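Observations on chain architecture
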Amino acid sequence: MINVEHVVGRIFNTDGVAFLDELPAESTDLVVCDGPYGVTTHEWDNVQNIQEFNLNLIKKFSRILKQGGALYLFGKPDCIDFIDYREYLSLQSRIVWYQPSRLAQGRKSFTNNYDVICYFAKGKPKTFNLEHIRVPQLVELEHRKRCENVPSVKNGKYGKTVFNKDGKNPGDVWGDIKQLTYKSKELIGRDLLHTIQKPERLIERIIKASSNPGDMVIDPFVGSGTVPVVCERLGRKFIGCETNKLYFEIASSRVQKEQKRIEKAADESLFKDDRTIQTPSVDFNQPVLLL
Ligand SMILES: C[S@@+](CC[C@H](N)C(=O)[O-])C[C@H]1O[C@@H](n2cnc3c(N)ncnc32)[C@H](O)[C@@H]1O
């Protein structure tokens, strides 16, 4: 068994499925699993039966997750159909990641316009940071006010209902985060488009919602390294695996770049603090506005 604390922050160029057996039981707060979908012609995506493949993963994740820990499993709409996962994890939401900008070239049936992200928990979820993932209300102010003044709301059982000024729950259809395009600044390379690299905002929402700083996040299928990069940025511990040598190298250098960026930003803010100490510009006898 691996001592997870000894390998925190590392990506291994190895099989992520086998690696899971090396992790101690109940060692993980969150798993982000964006692995094979079983639909493309990529060698790594060649899976005979994606549902059975996912059930096998769910069993393994259930062992390594702490009580209340979470799993986000990416796939196509049928990725968990007809498998019984209930003994291992409980399904909280089947999130639809809607991508309306796709070209929709299907001719024989309706074009698939979404992926699913199956959000599971081991028992009752221990973390759900709604305050960190709220999205803007799309309802106009006038309409909000009207809603708040409807008598059944005003005098209802639960008292006055008000719209939260910090925004609303993102819900389970995520159409506000677009898949990367050729023009996206964060795209590492054209080959990584669509099948591989996920937008950082998408991964940020998941990590912010279901983990806290210092928590352990496992990504068995690292690809271009989006999960490790976001973990670095948000102060989460991570361990990842990737079999493809090229992707492994891309992900490792992306993480190093992010670490350097964070270090530089920290140095700059220290420098700023030093200057503040040498040349104080605040009159401490006056009330200070805290921003
Ligand atoms: C959908 S991509 C992951 C994309 C990633 N979330 C990102 O944003 O870049 C899936 C990745 O899993 C890798 N992969 C497939 N089977 C694997 C296995 N058994 N162990 C480790 N990596 C694997 C593939 O090489 C591919 O890079």
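As the structure is a prediction and not an experimental result, all values here were calculated from the model.

Our next topic: the overall build of the chain. Counting its secondary structure elements, the chain contains seven helices and eight strands. Overall, the C-alpha framework of the chain stretches about 70 × 60 × 40 Å when taken along its three principal axes. A total of 291 residues make up the chain; the buried ones form 29% of that total. When contacts within the chain are restricted to residue pairs at least 6 apart in sequence, those whose partners lie at least 24 apart make up 69%.

Buried residues dominate strand β2 (residues 28–33), accounting for six of its six residues. As a crossover connection, the stretch from β2 through helix α2 (residues 50–64) into strand β3 (residues 65–75) is right-handed. Both β2 and strand β7 (residues 216–219) contribute to a ladder of two bridges, which runs parallel. In the sheet register, L30 faces β7, and the bridge partner there is V217.

As a further point, take the domain arrangement of the chain. You can read the domains of the chain as domain 1 (24–134 + 170–222) and domain 2 (136–168). Taking the mean C-alpha position of each, domain 1 and domain 2 sit 32 Å from one another.

Another aspect to go through is the site of the ligand. Taken together, 21 residues are adjacent to the ligand, and G16, F221, G223, S224 and T226 come closest. If you list the elements that add at least two residues to the shell around the ligand, you get α1 (16–20) and α6 (226–234). Grouping the constituent residues of the shell around the ligand by class yields nine nonpolar, eight polar and four charged.

Side chains of nonpolar character tend, in soluble globular proteins, to be buried together. In terms of nonpolar packing, the biggest core is built from 50 residues, with V32, C33, L71, Y72 and V217 touching the most fellow members. Per element, the largest residue contribution to this core is six residues, and it comes from β3. Among all residues touching Y72, those that are not within four sequence positions of it are V32, C33, I117, Y119 and I206.

Pairing within the open sheet is mixed, and its eight strands lie in the order β1-β8-β7-β2-β3-β5-β4-β6. The sheet terminates laterally at β1 (10–12) and β6 (173–174), the two strands that pair on one side only. Pairing of strand β4 (residues 90–98) with strand β5 (residues 114–121) involves eight bridges; the strand directions are antiparallel. Across the sheet, the residue bridging to V96 is V116, located in β5. Across the sheet, helix α5 (residues 200–210) touches β2, β3 and β7, and the angle it forms with β2 is around 160 degrees. Along the sheet face, α6 touches β1, β2, β7 and β8 (237–241) and points at about 170 degrees away from the line of β8.

Our next topic: the pairing of β3. Judged by how many residues are buried, β3 sits mostly within the fold: eight of 11 residues are covered. Pairing geometry for β2 and β3, over five bridges, is parallel. The partner of C33 across the bridge, within β3, is L73. Bridge count for β3 against β5 is six bridges, and the pairing is antiparallel.

At a minimum axis distance of 9 Å, the contact between α5 and α6 shows a crossing angle of 60 degrees. What the angle tells us is that α5 and α6 run oblique. The handedness of the crossing between α5 and α6 is right-handed. Of the residues in α6, those in contact with E200, I203, E204, I207 and K208 of α5 are T226, V227, V229, V230, C231 and L234.

Definitions and cut-offs
- Residues numbered from 1 in each chain as written.
- Predicted model: local features only at pLDDT ≥ 70, side-chain atom pairs only at ≥ 80, totals over all residues.
- Helix = DSSP H or I, 4+ residues; strand = E, 2+ residues; numbered from the N terminus.
- Buried ≥ 20, exposed ≤ 12 C-beta atoms within 10 Å, placed from the backbone.
- Contact = placed C-beta atoms within 7 Å.
- Right-handed = clockwise from strand over helix to strand, strands pointing away.
- Pairing = 2+ DSSP bridges.
- Domains from an automatic or database assignment.
- Near = placed C-beta within 6 Å.
- Nonpolar A, V, L, I, M, F, W, Y, C, P; charged D, E, K, R; others polar.
- Core = buried A, V, L, I, M, F, W, Y, C linked by C-beta atoms within 7 Å.
- Axes fitted to C-alpha atoms, helices over the stretch in contact; angles between N-to-C directions.
- Parallel < 35°, antiparallel > 145°, perpendicular 65-115°, else oblique.
- Left-handed = near helix turned anticlockwise from the far one by under 90°.

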